[in-house]
Amino acid sequence: QKEVEQNSGPLSVPEGAIASLNCTYSDRGSQSFFWYRQYSGKSPELIMSIYSNGDKEDGRFTAQLNKASQYVSLLIRDSQPSDSATYLCAVNMRSYGQNFVFGPGTRLSVLP
Amino acid sequence: EAQVTQNPRYLITVTGKKLTVTCSQNMNHEYMSWYRQDPGLGLRQIYYSMNVEVTDKGDVPEGYKVSRKEKRNFPLILESPSPNQTSLYFCASSPLTANTGELFFGEGSRLTVL
């Protein structure tokens with residue numbers, strides 16, 4: 001089964017807080033994981049990619065991967081109103097022929 | 001500039017009138033894919049291609065055709081569009097280098113079928 005699940009939203013956080021977004025996936029053979037941000041009516045844009053267990057930090061964003069638990073998360077520190085968007089978790093499921101599978105997305109609202 | 005280009009960006013058509021949405025990438029990527037996005041359903045894969053002349057069905061291929069005659073182009077064909085194909089469509093490409101390679105998206109094509 002090709003499934004990617006994300007925590008249901010919408011998620012609201014005050015400006016300056018930490019936003020935590022979660023994602024689980026079904027394919028244990030998956031090796032590549034991505035977080036995309038999508039503003040309404042626009043195309044998804046890559047925020048983070050992660051391929052190894054552990055944490056990966058890029059500015060205010062930290063991606064965390066735990067392959068044993070089939071879990072990947074995204075933390076956004078010092079959240080800004082401009083971070084308000086839908087965040088998509090994507091997994092390249094190699095067991096299904098290099099198939100990029102997306103989760104349903106979590107809508108984040110950062111309140112001023 | 002590295003990009004994925006889709007055309008048309010907006011289209012209103014009628015049931016049964018064949019249409020083609022073009023997609024072209026200038027990054028020499030092997031992998032290309034089409035997605036549709038509907039409210040509450042997220043991004044669903046229609047077809048994908050690992051290389052020239054190699055295409056595979058995604059999760060929602062019914063009513064669509066694709067071809068990959070050249071590496072840079074991956075058109076999406078709706079032979080007989082129906083209202084349930086009204087959606088926002090995205091083309092994407094990826095280098096798929098070893099285990100890595102993110103998807104690069106086009107700007108999207110909003111299709112309405114009356």
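Anything mentioned here points back to the structure above.
Computed from a predicted model, the values in this text were never measured in an experiment.

The secondary structure content of chain A amounts to 0 helices and 11 strands. Secondary structure elements of chain A occur, N-terminal to C-terminal, as β-β-β-β-β-β-β-β-β-β-β. Computed over its C-alpha atoms, the radius of gyration of chain A comes to 13 Å, within 12% of the 13 Å expected for a compact globule of 112 residues. Here chain A holds 112 residues, and the buried ones make up 46% of them.

So, on to the environment of Leu96(B). Position of Leu96(B) among the secondary structure elements: in the loop between strand E9 (87-94) and strand E10 (104-105). Spatially, the C-alpha atom of Leu96(B) lies 7.8 Å from that of His29(B), the residues being 67 residues apart in sequence.

Taken together, the contacts link 22 residues of chain B with 22 residues of chain A. The tally of links between chain B and chain A comes to 0 salt bridges. The interface formed by chain B and chain A includes 4 residue pairs in polar contact (both at pLDDT 80 or more). For the side of chain B that touches chain A, the secondary structure elements donating two or more residues are strand E4 (31-38), strand E5 (42-51) and E9 of chain B. Tallying contributions element by element places E5(B) first for the side of chain B that touches chain A, with 5 residues. Across the side of chain B that touches chain A, the residue classes tally to 10 nonpolar, 8 polar and 4 charged.

Calculation criteria
Residue numbering note: each chain is counted from 1, following its sequence as written. By the order in which they are written, chains take letters starting at A while ligands take numbers starting at 1. Note on the predicted model: pLDDT of at least 70 is required for a residue's local features to be given, and 80 or more for side-chain atom pairs to be given and counted; whole-chain, interface and lining totals, by contrast, use all residues. Hydrogens and waters are ignored; side-chain quantities use all the structure's heavy atoms. Strands are runs of DSSP state E lasting at least two residues, helices are runs of H or I lasting at least four, and both sets are numbered from the N terminus onward. Every radius of gyration here is taken over C-alpha atoms, with the globule rule written as 2.2 Å times N^0.38, N being the number of residues. Working definition: with a 1.4 Å probe on protein chains only, accessible area under 20% of the residue-type maximum means buried, over 50% means exposed, and in between means partly exposed. Whether two residues are in contact is decided by their heavy atoms: any pair within 4.5 Å suffices. Between Lys or Arg on one side and Asp or Glu on the other, a salt bridge is scored when a side-chain nitrogen of the former is within 4 Å of a carboxyl oxygen of the latter. Think of a polar contact as two N or O atoms within 3.5 Å of one another; within protein, one of them needs to be a possible hydrogen donor and the other a possible acceptor, and neighboring residues in sequence only count if both atoms come from side chains. When residues are grouped by polarity, Ala, Val, Leu, Ile, Met, Phe, Trp, Tyr, Cys and Pro land in nonpolar, Asp, Glu, Lys and Arg in charged, and all others, Gly among them, in polar.

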